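Here is how the chains run, residue by residue.
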Amino acid sequence: LGLCGIAVLTMLFWPTLSRSMSDLEAIIAMFPRELFAVFGMAEPKDLMTAGGFISSRVYASVGLVLMLAFSISMGAASIAGEERRGTLELQLATPLTRRRLLLEVFAAMLTLIAMLGMALCLVMALGNAVIGLELSGASIVAATLGLALTGLFFGALALASGAATGSNGMARGVPVAVAIGGILLNALGTVVAALAPLRYLSPIYWFLGDSPPLLRGFSAGPLLLLAAALVAVGIGIVAFERRNLAC
């Protein structure tokens, strides 16, 4: 609801903002270009377009934080959360294998994130049609898919960390650290030339790239996020099966 609410408010605000382009341009000129690159904008004037402005709020800042909070919380509450509450032993006392349990949790996470993505996509499409934002349907789908896969990766990382360690703190701390590190690496890579090649290691860069998601369309970055999520789940399964659990 929060993510869709941010999308609605941002789209409703755009018509008012678009009538004050000179003021917006003056504000943009006050900040260094590197600041905009943190949010996937190599060209700051992209913020003066509907796609750039909405991307900056819904997909690159507030919306991204909400998606990460949702997915990380869900991943951490699954295996590690059940173990902390003492209910994991009850589930493993059944014929359900550890591998099957973790895969079912991941499937549930995937389903919920997909539902959230479809809701956001529908809200964006309706807002685009009603307000007249002139965004392409393909760009809305591509941007929302990228955001959803970013959430899936960090949720999978939280799930795998919890399954491997049994610690709720690690299940939350590892993905949060990777997210913060990815944001910093993406930001510093635009300022420090020596760090520029390392931006390609940032999961945040895989999604945001150098242009607003709503202006870019489909790219290979989200596929890297999907592959990384599957790798994380695979590692989590192996570690979970090898752990000595008191059950």
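Just so it is clear, the structure is predicted and the values come from calculations on it, not from any experiment.

### Details of the packing of helix α1 (residues 2–18) against helix α7 (residues 98–131)
For the pair α1 and α7, the least separation of the axes is 9 Å and the interaxial angle reads 15°. Classed by the angle they form, the pair α1 and α7 counts as roughly parallel. Handedness of the crossing formed by α1 with α7: right-handed. Judged by residue contacts, Leu3, Cys4, Ala7, Val8, Met11, Leu12 and Pro15 of α1 engage Leu116, Ala119, Leu120, Val123, Met124, Gly127, Asn128 and Ile131 from α7. Residue classes in the contact of α1 with α7 are distributed as 13 nonpolar, two polar and no charged.

### Structural notes on the pattern of salt bridges
Applying the stated rule across the entire model yields six salt bridges. The partner of Arg85 in a salt bridge is Glu82, with the nearest N and O atoms 3.4 Å apart. Remark: Glu82 and Arg85 occur in helix α5 (residues 62–85); sequence separation between them is three residues, near one turn of the helix. For Arg100, the salt bridge is made with Glu104, and the minimal N-O distance between the two is 2.7 Å. Residue Arg100 and its partner Glu104 are both found in helix α7; the two are separated by four residues, about one turn of the helix. On the basis of relative accessibility, which here comes to 49%, the residue Arg100 falls in the partly exposed class. Since its relative accessible area comes to 37%, Glu104 is described here as partly exposed.

About the thresholds
- Residues numbered from 1 in each chain as written.
- Predicted model: local features only at pLDDT ≥ 70, side-chain atom pairs only at ≥ 80, totals over all residues.
- Heavy atoms only, no water.
- Axes fitted to C-alpha atoms, helices over the stretch in contact; angles between N-to-C directions.
- Helix = DSSP H or I, 4+ residues; strand = E, 2+ residues; numbered from the N terminus.
- Parallel < 35°, antiparallel > 145°, perpendicular 65-115°, else oblique.
- Left-handed = near helix turned anticlockwise from the far one by under 90°.
- Contact = heavy atoms within 4.5 Å.
- Nonpolar A, V, L, I, M, F, W, Y, C, P; charged D, E, K, R; others polar.
- Salt bridge = Lys/Arg side-chain N within 4 Å of Asp/Glu carboxyl O.
- Buried < 20%, exposed > 50% of the residue type's maximum accessible area, 1.4 Å probe, protein only.

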